[in-house]
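A closer look at the structure
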Amino acid sequence: MFNSLLKKIFGDKNERWTKDLWPVVEEINGYFDQLKNLTDDELRAKTTEFKNKISAETEELRNHLDDLKNKLQEVSSAEEKHSLYDEIEQINKELDEKYEQILDELLPEAFAVVKDTCRRLVGKSWDVAGTKNTWDMVPYDVQLIGGMILHQGKIAEMATGEGKTLVATLPIYLNALTGRGVHIVTVNDYLAKRDSEWMGEIFKFHGMTVGCILNTMDSQQRKDIYGYDITYGTNNEFGFDYLRDNMAVDKENCVQRGHNYAIVDEVDSVLIDEARTPLIISGPVEKTEHKFDDMKPRVERLFRKQANLVAAIVKEAEDLLKTNDSKNREKAGVLLLRAHRGFPKNKALLKLFAEPDYKKLMQQTELEFLRENAKRMPEIDEELYFAIEERNNQIDLTEKGREELAAGSREGKEFFVLPDLGTEISKIENDSSLSPEEKLRKKDELYHTYTERSDVIHTLNQLLKAYSLFEKDVEYVITEDGKIAIVDEFTGRILPGRRYSDGLHQAIEAKENVKVERDTQTLATITLQNYFRMYKKLAGMTGTAETEESEFYEIYKLEVAVIPTNKPVIRIDEDDAIYRTKREKYNAIIEKIKSLKEERRPVLVGTTSVEVSETISRMLKRQGVGHNVLNAKQHQREAEIVAFAGQPGAVTIATNMAGRGTDIKLGAGVRETGGLYILGTERHEARRIDRQLRGRAGRQGDPGTSK
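Residues numbered from 1 in each chain as written. Predicted model: local features only at pLDDT ≥ 70, side-chain atom pairs only at ≥ 80, totals over all residues. Heavy atoms only, no water.

1. A word on the sheet that holds strand S18 (residues 628-630)
Pairing within the open sheet is parallel, and its six strands lie in the order S16-S21-S20-S17-S19-S18. Single-partner strands in this sheet number two, and they are strand S16 (572-573) and S18. Relative to strand S19 (residues 651-654), S18 is paired through three bridges, and the arrangement is parallel. Considered in S19, the bridge of Val629 is made with Ile653. Against the sheet, helix H22 (residues 582-598) engages strand S17 (603-606), S19 and strand S20 (676-680), with an angle of about 175° to S20. (Pairing = 2+ DSSP bridges. Helix = DSSP H or I, 4+ residues; strand = E, 2+ residues; numbered from the N terminus. Contact = heavy atoms within 4.5 Å. Axes fitted to C-alpha atoms, helices over the stretch in contact; angles between N-to-C directions.)

So, in structure tokens, the structure goes:
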């Protein structure tokens, strides 16, 4: 209530920003009307005119900077060098401010040049990511506002379908005029290549150079493209190139030329979801032996026993809950907690936890046992073979588990317990019956035992994690060439070249009977959060940023501006439907798809994992319903599947891949049947991902429905 009162008095900040920018929109449109009368060559000459103005007005500062750098090579005393470095830093700061001042002056005319270039390209066709594309876009007024927000170094939140890719061309062109480079960061190679080819024609019209950094390129190709005016690429490519540059012995081998201005597409995905994930360059370790294949049979046996035990515990808990007796309910709470700590991904347990009351019962029991430094937790764990701390991704063997591992082997259960080095060394030192040589030998034996057992316990832990916490087709997939590939939980895409650390990837390879690759060690690392903070100016765009506004400001000092839509959104967002069981839910989904297909209405079914997308696909095949699947296994066909997804009667099942950057165009007659229908199979952990999925329908005033 207090916030709404403040808004009434002072107005909403987004409205204030937008109101301040409307006069500039009028100025841009005034220039745009004048530019229509110019020939193509006269319009191109405008770019040369802008560049000459920038060069002339910054010449003095640039020359001064060059003089200081030359002087730096000549001085030898540390004090003089330190003084020169300070002066260079100050001049660089003044130069950055000067560039921004000039660009602000040029903005109305430069934006008008881009708008008129778009008008001149209408009706022309060129190849975009292997598909012939005919240009039909000229920026709307609200898109001009979006462009200004990006130039100011803010985040522009624009509803999905409002043409963020086109909006970015305005500040890209303006900032590329300085010749210092502009980076456009996208979430995957497909979008980077598509956008560089699709939007690239605007810049090429003015003689600007545009390139795209791809995974397959060598150092020289990368260096050439970073030298271009405009460089498209993924966050990973930019980050890894920075790391490789830091590892380069010679400056000549570096590919990047500085971090001037970056626009991050799907900024919430890059700067929030993936920001703390470190980018790591690793190399093989010298020692290549591992015990994963040796320990696998034991772990498999232990895991099967635990899975059977947990299944029995869940069944007992279910039976107790049916009695509606308060004492039995208390016992059931203990059993549910034990099952959760034994195998949190047990299907029957997850089905029970779908009932909020049962999950709450388990959580209340857990709080009870966690009191006083969890001193009662061993009562829960002693029945299990191993205990899983799902929040921390930790696994601890119990006494029962050690006995099971030791059964039928020559090692005793002590083999799976680390000796206490401090206590054991103290015993050796205080043993007067031992000579100094014997004490030294005993210590060496102790260290050897410790190393050997440490290696075995680490291998066991990683294998148990692989079996208990990582599911095939959810956290990872097996590629056609027999490799384990990680699936990004937020985008549903394969993360090429990424491996789990600390031997976990090798444990999964052993579990899935594929070749166990050599272990690796970290050579260089940086988080995306730290990488993007190096840019002099950073901006971003997405359809879903407002929910993370405070985080953007705290970490990156980026403000979020919500841009109004060009046309009102007429999509109908229906209420959620809740079912008692997954079977009922899936059957309802299949029936809904069949009914929509009969209406000749396209439907996009959103799933949270590869596994669910393939389950629905199998059910549709059994019913004889034609459809396409877009998930981490079919990512090569993405453009083709997306192009078809809006056709009458098309059925597309997709993981979160289809939620970002994909523009589904409606086919003939689809508007009349109600537009694209979005059917979400379940809620995602992040509300933004659900909003992204809804946003595939109802773009640019099109009809649509989401449920």
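2. Quick look at helix H9 (residues 235-247)
Across its 13 residues, H9 extends 19 Å between first and last C-alpha, which sits within 8% of the 18 Å expected from 1.5 Å per residue. Along H9, the positions that sit buried rather than exposed are Asn235, Asn236, Glu237, Phe238, Gly239, Phe240, Asp241, Leu243 and Asp245. (Expected span 1.5 Å × (residues − 1). Buried < 20%, exposed > 50% of the residue type's maximum accessible area, 1.4 Å probe, protein only.)

3. Some remarks on the side chain of Ser196
With respect to the secondary-structure elements, Ser196 resides in helix H7 (residues 189-205). Aside from chain neighbours lying at most four places away, what touches Ser196 is Val210, Gly211, Cys212 and Tyr232.

4. As for the pattern of salt bridges
In this structure the tally under the stated criterion is 42 salt bridges. The salt bridge involving Glu49 is made with Lys46; its shortest N-O contact spans 3.6 Å. In this pair, Glu49 and Lys46 both sit in helix H3 (residues 40-74), three residues apart, roughly one turn of the helix. A relative accessible area of 40% places Glu49 in the partly exposed class. For Lys46, a relative accessible area of 17% corresponds to the buried category. As a salt-bridge pair, Lys204 and Glu201 come within 4.0 Å of each other at their nearest N and O atoms. In this pair, Lys204 and Glu201 both sit in helix H7, three residues apart, roughly one turn of the helix. Take Glu201: its relative accessible area is 26%, and that puts it in the partly exposed class. (Salt bridge = Lys/Arg side-chain N within 4 Å of Asp/Glu carboxyl O.)

5. Remarks on the packing of helix H6 (residues 164-176) against H7
The geometry of H6 relative to H7 is characterised by a closest axis approach of 10 Å and an angle of 50° between their N-to-C directions. Classed by the angle they form, the pair H6 and H7 counts as oblique. Here H6 and H7 pass one another in a crossing that is right-handed. Residue-level inspection shows Thr165, Leu166, Thr169, Ile172 and Tyr173 of H6 in contact with H7, the latter providing Arg194, Asp195, Trp198, Met199, Ile202 and Phe203. Of the residues assigned to the contact of H6 with H7, the class counts are seven nonpolar, two polar and two charged. (Parallel < 35°, antiparallel > 145°, perpendicular 65-115°, else oblique. Left-handed = near helix turned anticlockwise from the far one by under 90°. Nonpolar A, V, L, I, M, F, W, Y, C, P; charged D, E, K, R; others polar.)

6. Some words on the packing of aromatic side chains
Enumeration over the complete set of coordinates arrives at nine aromatic pairs. With a centroid separation of 5.1 Å and 65° between ring planes, the pair formed by Phe470 and Tyr500 is classed as edge-to-face. Of this pair, Phe470 sits in the loop between helix H18 (436-468) and strand S11 (476-478) while Tyr500 sits in the loop between strand S12 (484-486) and helix H19 (504-511), and the two are 30 residues apart along the sequence. On the accessibility criterion, Phe470 (8% relative accessible area) is buried. Across from the ring centre of Tyr467, 5.8 Å away, lies the NZ or CZ of Lys511, which sits over that ring. (Phe/Tyr/Trp six-rings, centres within 6.5 Å; stacked < 30°, edge-to-face > 60°. Lys NZ or Arg CZ within 6 Å of the ring centre and 35° of its normal.)

7. A closer look at the domain arrangement of the protein
Each assigned domain of the protein is listed with its residue range as follows: domain 1 (1-282 + 528-562), domain 2 (291-469), domain 3 (472-518) and domain 4 (582-706). Between the C-alpha centres of domain 1 and domain 4 the distance comes to 33 Å. (Domains from an automatic or database assignment.)

8. Focus on the environment of Asp502
If you trace the backbone, Asp502 turns up in the loop between S12 and H19. Relative accessible area serves as the criterion here: at 57%, Asp502 is assigned to the exposed category. Between the C-alpha atoms of Asp502 and Arg301, which are 201 residues apart in sequence, the distance is 23 Å. Setting aside chain neighbours within four positions, we find Asp502 in contact with His458 and Gln462.

9. Thoughts on the nonpolar core
Trp135, Phe203 and Phe532 are the most contacted members of the largest nonpolar core, which totals 103 residues. Of all the elements, helix H4 (residues 78-121) adds the most residues to this core, at 16 residues. Residues contacting Phe203, with those up to four places away along its chain left out, are Thr169, Ile172, Tyr173, Met208, Val210, Ile230 and Tyr232. Counting residues in hydrophobic clusters, the runner-up holds 52 residues, among them Met295, Ala307, Val310 and Leu405. (Core = buried A, V, L, I, M, F, W, Y, C linked by side-chain atoms within 4.5 Å.)

10. Side note on the packing of helix H11 (residues 292-322) against H19
Look at H11 against H19: their axes get within 10 Å of each other, and the N-to-C directions meet at 65°. Of the two possible hands of crossing, H11 and H19 adopt the one that is right-handed. Contacts between H11 and H19 involve Phe292, Asp293 and Lys296 from the former and Gln506, Ala507, Ala510 and Lys511 from the latter. Each residue belonging to the contact of H11 with H19 can be placed in one class, and the counts come to three nonpolar, one polar and three charged.

11. Things to note about the sheet that holds strand S6 (residues 230-234)
With parallel pairing, the seven strands of this open sheet are ordered in space as S5-S6-S4-S7-S14-S3-S15. Across the chains shown, the open sheet's two edge strands, defined by having one partner strand only, are strand S5 (210-212) and strand S15 (560-562). Between one strand and the next, the sheet's axes are offset by a mean angle of 20°, whatever the strand orientation. Sheet analysis places strand S3 (residues 155-157) next to strand S14 (residues 537-542), joined by three bridges and oriented parallel. Looking at S14, one finds that Ala156 is bridged to Met541.

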